[in-house]
Amino acid sequence: MYVYVNGKIVHSEEANISVFDHGFMYGLGVFETFRVYNGHPFLLDDHFQRLQESLAMLDVHWSYQKQDVLTILEQLLEANQLRDAYVRWNVSAGRGPLGLQAQGYEEPTVIAYMKPIQTTIETVEKDAVILGTRRNSPEGEKRLKSHHFLNNILGKRELGTRVNTEGIFLTNDDYLAEGIVSNLFWVKEGTLYTPAVETGILDGVTRQFILTLAHTDGIKCKTGFYDLDDLLSCDEAFITNSIQEIVPLKMIDSYLLPGKEGEVTKGFLQRYQQVTAQLWSRKELR
């Protein structure tokens, strides 16, 4: 596998960063994961808007433009001989002295990882279980897609080795939050529901896309603070992230659901598959 590190495409075995990088030492780093479909980076504009906003909150100065990103992606696709790929774009604070510093960072470490991903024709379904581990609160004003992943790891360890299963976090106040690596949606009587970002969840790019798509298609949406009973009385449910896309749920604990046969879920799946090779932003749906 070839990766991009600070201006160079190198083999993964040759990639390295400084042991004084504050992304490693203090977790000062954020990342985006997205898919490339037949050479097209789906919703790239949305991912990099969120990345830039997150870096501004961390006071990490990053100067790449969209064309810089596209050139790097093209080089990585060629080096790895891929047209469909999983991409993780990572920006950390960069080198710094031992100890916490108050000033910003001017020379961040930029790494782009890429690996093959198989495009599947058949829709993958999953079960979901409610975790005992609670979703932690964001480190700052809102949750960033940051290097702080201990809470997610603890949730994954609780889930164990179960295949095709996602764990769902509740907040400390018993409200529905999100999956270990996904956002949560459900449908009841034709209305689409999802927890509000104020619960402390990550405002996922695919989450934003689904809400925009629902608005465009005239589907009523509600976001808010919901408890487990709201979910366990739904008609259908699914989870989302940018790599797994839309994943229908066929069971939550012991509560049975229609999975990919849910009418609203089925509609979202069809619409999503129609645009993956063309859209740069969810705003193009309007």
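Refer to the preceding data block for the structure.
Okay, so let's go over this structure. Values in this document were obtained by computation on a predicted structure and should not be read as measured data. (Residues numbered from 1 in each chain as written. Predicted model: local features only at pLDDT ≥ 70, side-chain atom pairs only at ≥ 80, totals over all residues. Heavy atoms only, no water.)

### Things to note about the packing of helix α2 (residues 44-58) against helix α3 (residues 66-80)
In step 1: Remark: α2 packs on α3, axes separated minimally by 12 Å, with the N-to-C direction vectors making an angle of 115°. The chirality of how α2 crosses α3 is right-handed. Contact residues: L44, D45 and F48 in α2; K66, V69, L70 and L73 in α3.
In step 2: A breakdown of the residues in the contact of α2 with α3 according to their chemical character gives five nonpolar, no polar and two charged. (Axes fitted to C-alpha atoms, helices over the stretch in contact; angles between N-to-C directions. Helix = DSSP H or I, 4+ residues; strand = E, 2+ residues; numbered from the N terminus. Left-handed = near helix turned anticlockwise from the far one by under 90°. Contact = heavy atoms within 4.5 Å. Nonpolar A, V, L, I, M, F, W, Y, C, P; charged D, E, K, R; others polar.)

### Quick look at the packing of helix α5 (residues 205-216) against helix α7 (residues 263-275)
In step 1: Contact geometry of α5 with α7 gives a least axis separation of 11 Å together with a crossing angle of 110°. By the angle class used here, α5 and α7 are roughly perpendicular. Here T206, F209, I210, L213, A214 and T216 of α5 come into contact with α7, specifically with F268, R271, Y272 and V275.
In step 2: Each residue belonging to the contact of α5 with α7 can be placed in one class, and the counts come to seven nonpolar, two polar and one charged. (Parallel < 35°, antiparallel > 145°, perpendicular 65-115°, else oblique.)

### Quick look at the packing of aromatic side chains
In step 1: Considering all chains together, one arrives at 18 aromatic pairs under this definition.
In step 2: Aromatic side chains Y37 and F42 sit 6.0 Å apart centroid to centroid with 90° between the ring planes, which places their arrangement in the edge-to-face category.
In step 3: Residue classification places Y37 among the buried positions, given a relative accessible area of 7%.
In step 4: Seen from their ring centres, W186 and Y226 are 5.3 Å apart, and the 85° between their planes marks the pair as edge-to-face. One end of the pair, W186, is in strand β10 (residues 183-188); the other, Y226, is in the loop between β12 (221-224) and α6 (228-231), with 40 residues separating them in the sequence. Both residues of the pair, W186 and Y226, belong to the buried class.
In step 5: Pairwise contacts between aromatic rings join Y4, F34, F48, W62, Y64 and W89 into one cluster.
In step 6: Above the plane of the ring of W280 lies K66, whose end atom (NZ or CZ) is 4.1 Å from the centre.
In step 7: The lysine or arginine in question, K115, covers the ring of Y86, its NZ or CZ lying 4.7 Å from the ring centre. (Phe/Tyr/Trp six-rings, centres within 6.5 Å; stacked < 30°, edge-to-face > 60°. Buried < 20%, exposed > 50% of the residue type's maximum accessible area, 1.4 Å probe, protein only. Lys NZ or Arg CZ within 6 Å of the ring centre and 35° of its normal.)

### Considering the pattern of salt bridges
In step 1: Enumeration over the complete set of coordinates arrives at 13 salt bridges.
In step 2: Measuring nitrogen to oxygen at the nearest pair gives 3.6 Å for the salt bridge that ties K266 to E261.
In step 3: Residue classification places K266 among the partly exposed residues on the basis of a relative accessible area of 26%.
In step 4: Given a relative accessible area of 47%, E261 falls into the partly exposed group.
In step 5: Through salt bridges with shared partners, a single network forms among R135, R143 and E178. (Salt bridge = Lys/Arg side-chain N within 4 Å of Asp/Glu carboxyl O.)

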